[in-house]
Amino acid sequence: MTRIDFHSNVPNKLAYACRLVRKARAADCKIVLLGRNRSELSQLDQLLWTFSEQDFLPHVHANDPLAAQTPVILTDSDSVELPHHHVLINLSGNTPEHFARFERMFEIISSDDTDKAAGRDRYRFYKERGYPLSHFVAD
């Protein structure tokens, strides 16, 4: 069953996601980042290359020919075929359709009221279905 970690009150969701990716890669995990749209994915793509001078976080979009060999996948589509299902980082603001295929999922929630309300709805959705949940409040 998918383990789900909520990280709330996050001031910058994309920068926070980059730090989670770095930590997950250090543990040799393969990661899928699900964003809201292409614009957000473009920003995330840039951040993954530039947020840390000491870390190399190879990543491609889900439809890239090298996706199967790349440990970090970016997508804004819930229906795209994915090469691995280890860790999902959800930035989309919605409940991912196929989240249960993943071993672990991170829900990143900002301090924005709309984002918090949507996060609470997703938390209830997962809890009602018996998924193991944890919650961390960003400092």
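Residues numbered from 1 in each chain as written. Predicted model: local features only at pLDDT ≥ 70, side-chain atom pairs only at ≥ 80, totals over all residues. Heavy atoms only, no water.

1. What to know about the nonpolar core
So, step 1. Of all hydrophobic cores here, the largest spans 23 residues; its most connected members are Leu33, Leu48 and Ile89.
So, step 2. Of all the elements in the fold, those that place two or more residues in this core are α1 (13–26), β2 (31–34), α2 (38–50), β4 (72–75), β5 (87–90) and β6 (104–110).
So, step 3. Residue contributions to this core peak at seven residues, all from α1.
So, step 4. Setting aside residues up to four positions removed in sequence, isoleucine 89 forms contacts with Ala17, Leu20, Val21, Ile31, Val32, Leu33, Leu34, Phe106 and Ile108.
So, step 5. Formed by 16 residues, the second largest nonpolar core is a distinct cluster that contains Val32, Leu82, Phe99 and Phe102. (Core = buried A, V, L, I, M, F, W, Y, C linked by side-chain atoms within 4.5 Å. Buried < 20%, exposed > 50% of the residue type's maximum accessible area, 1.4 Å probe, protein only. Helix = DSSP H or I, 4+ residues; strand = E, 2+ residues; numbered from the N terminus. Contact = heavy atoms within 4.5 Å.)

2. Here's the deal with the packing of aromatic side chains
So, step 1. Counted by the stated rule, this structure contains eight aromatic pairs.
So, step 2. With a centroid separation of 4.9 Å and 65 degrees between ring planes, the pair formed by phenylalanine 99 and tyrosine 126 is classed as edge-to-face. Of this pair, phenylalanine 99 sits in the loop between β5 and β6 while tyrosine 126 sits in helix α3 (residues 113–128), and the two are 27 residues apart along the sequence.
So, step 3. Accessibility expressed as a relative area gives 6% for phenylalanine 99, which makes it buried.
So, step 4. Grouping aromatic residues by their ring pairs yields a cluster made of Phe6, Phe99, Tyr123, Phe125, Tyr126 and Tyr131. (Phe/Tyr/Trp six-rings, centres within 6.5 Å; stacked < 30°, edge-to-face > 60°.)

3. Notes on unusual backbone geometry
So, step 1. Even without being a glycine, asparagine 9 presents a positive backbone phi close to 60 degrees.
So, step 2. Within the element layout of this structure, asparagine 9 appears in strand β1 (residues 3–10).
So, step 3. Judged by its relative accessible area of 36%, asparagine 9 is partly exposed.
So, step 4. Residue aspartate 28 is not a glycine yet carries a positive backbone phi of 65 degrees.

4. A closer look at the side chain of arginine 122
So, step 1. Structurally, arginine 122 can be placed in helix α3.
So, step 2. Look past the residues within four positions of arginine 122 in its chain and what remains in contact with it is Phe6, Asn90, Gly93, Asn94, Thr95, Glu107 and Ile109.

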